[in-house]
Amino acid sequence: MLMSNFWSIWITVLSLLVIAGCFILLRLCSKNTTPEIKEGDLMDHSYDGIQEINNPLPKWWSYLFYITIVFGLLYLVLYPGLGNYKGLLGWSSSNQSIGTEQGIKADSAKAIADATEEGRWVQYDQEVKLADEKYGPIFEAYKATPLAELVKNEEALKVGGRLFLQNCAQCHGSAGRGGKGFPNLTDGDWLYGGELETIKTTIMNGRHGMMPPKGGLPIDDSEIEGLAEYVISLSGREHDAALAAKGQGSFMKGCFACHGMDAKGNKLMGAPNLTDNVWLYGGSRGVIMESIKNGRSGVMPPWKDVLGEEKVHVIAAYVYSLSHQAEK
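Keep in mind it's a predicted model, so treat the numbers as computed, not measured.

Further remarks concern the UniProt feature "transmembrane region" (unreviewed entry) in the protein. Summarizing the sequence annotation, UniProt attributes the feature "transmembrane region" (unreviewed entry) to residues 6-28 and 63-82 in the numbering used throughout. Helix makes up 80% of residues 63-82 and strand 0%, whereas the separation of the span's terminal C-alpha atoms amounts to 25 Å.

Listed below in structure tokens is the structure:
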């Protein structure tokens, strides 16, 4: 993809100015700037007790600098480096180490560049094509296998584990244990449900969970502490009973609409169970109060267009297996 004319000119001018500046600086350093002191004589100043001698740069050192300048100019003439200029050789970083495609013999950088420019093939597309030809049938076979059977296929789970590490571990961790704001996939606690097809749907289409500040309810800031205390009491933790009783009244203003009258959550909405002592953002009083006051918003992107259903099918089986290790 070509850059705009402005940036092409900007990069070209900047590159040439840097090389010219190096040449000018080298020339200045090669001249005797103190003609009143002959070369080889002591200068009239010293540093840390060391008196400087009026000597030019060593010839061999200067020559090496000149060689690098000439090399740089030759490189920019032959190869890309000056904006949109492609260089005399027409070399391109794509399509290197590619053999033949559509009868084109890639025996020179020029042939590769021509094939790329004509849009016939590029290295990435070629590698994807080769990978699809090699692994496509394997994933098709996995996709044709019901998830209930696929979770028993150790080889498929190994493949799913590698796909998980490449695409999911950045958020959920390499072991799937999650982190603050990222669900633990190994504990059997599921916001939207842990059934095989539900997990696949979640990965395919993504999820967007959102709790508005104060649940979008007419709850005053003075009620937040009591409401947090009531939420803490729901999971059987030590709490201030009197304060929790006040918080229950705030809960009944409408929190139950998402979390349920029994506070066990609603998987259709992704509303968490408040009774199991599993906390996505943390279960301390301060964090719970923060969640109530400011709300939370969590997004998992859809992966169907990135990975395709075949790979998602395998990952879903692997994710399911993480919370059913004991069943294996």
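The subject of this paragraph is the environment of asparagine 5. With respect to the secondary-structure elements, asparagine 5 resides in helix H1 (residues 5-30). Overall, asparagine 5 belongs to the exposed group, its relative accessible area being 60%. With 79 residues separating them along the chain, asparagine 5 and asparagine 84 place their C-alpha atoms 8.1 Å apart.

Counted by the stated rule, this structure contains six salt bridges. With a shortest N-O distance of 2.6 Å, aspartate 221 and lysine 214 are connected by a salt bridge. Close ionic contact of glutamate 290 with arginine 296 constitutes a salt bridge, the shortest N to O distance being 3.9 Å. Bridged by salt links that share partners, the residues Lys143, Lys200 and Glu309 form one connected network.

Side chains of Met3, Phe6, Trp7, Trp10, Leu14 and Val18 sit close together on the surface and give an oily, nonpolar patch of about 640 Å² of accessible area. Within the secondary structure, leucine 14 sits in helix H1.

The sheet contact formed by strand E1 (residues 42-47) and strand E2 (residues 50-53) spans three bridges and is antiparallel. Along E2, the bridge assignment pairs serine 46 with glutamine 51. Connecting E1 to the antiparallel partner E2 that follows it, the hairpin turn spans two residues, and aspartate 48 within it adopts a positive phi of roughly 50°.

With the rule as written, the count across this model stands at 10 aromatic pairs. Measuring from centroid to centroid gives 6.4 Å for phenylalanine 6 and tryptophan 10, while their planes differ by 20°, and the two rings are stacked. One end of the pair is phenylalanine 6 and the other is tryptophan 10, both in helix H1 and four residues apart, which spans about a single turn. We classify phenylalanine 6 as exposed; its relative accessible area is 52%. Joined through ring pairs, the aromatic side chains of Phe6, Trp7 and Trp10 make up one cluster. Its end group placed over the ring of phenylalanine 139, lysine 311 keeps NZ or CZ at 4.8 Å from the ring centre.

Two quantities define a packed helix pair, namely the angle between the helix axes and the distance between the axes. With their axes 8 Å apart at the nearest point, helix H6 (residues 154-167) and helix H13 (residues 304-322) run at an angle of 105° to one another. Looking at the two axes, H6 sits roughly perpendicular to H13. Residues Ala156, Leu157, Val159, Gly160, Gly161, Leu163, Phe164 and Asn167 of H6 pack against Leu307, Lys311, Val314, Ile315, Ala317, Tyr318, Val319 and Ser321 of H13. The residue inventory of the contact of H6 with H13, partitioned by class, reads 11 nonpolar, four polar and one charged.

Each value, and the rule that gives it
Residues numbered from 1 in each chain as written. Predicted model: local features only at pLDDT ≥ 70, side-chain atom pairs only at ≥ 80, totals over all residues. Heavy atoms only, no water. UniProt positions renumbered as here; feature names shortened; annotations may be inferred. Helix = DSSP H or I, 4+ residues; strand = E, 2+ residues; numbered from the N terminus. Buried < 20%, exposed > 50% of the residue type's maximum accessible area, 1.4 Å probe, protein only. Salt bridge = Lys/Arg side-chain N within 4 Å of Asp/Glu carboxyl O. Patch = residues over 30% accessible without salt bridge, like charges linked within 9 Å, V, L, I, M, F, W, Y side chains within 5 Å. Areas by Shrake-Rupley, 256 points an atom, 1.4 Å probe, with all protein chains shown as cover. Pairing = 2+ DSSP bridges. Phe/Tyr/Trp six-rings, centres within 6.5 Å; stacked < 30°, edge-to-face > 60°. Lys NZ or Arg CZ within 6 Å of the ring centre and 35° of its normal. Axes fitted to C-alpha atoms, helices over the stretch in contact; angles between N-to-C directions. Parallel < 35°, antiparallel > 145°, perpendicular 65-115°, else oblique. Contact = heavy atoms within 4.5 Å. Nonpolar A, V, L, I, M, F, W, Y, C, P; charged D, E, K, R; others polar.

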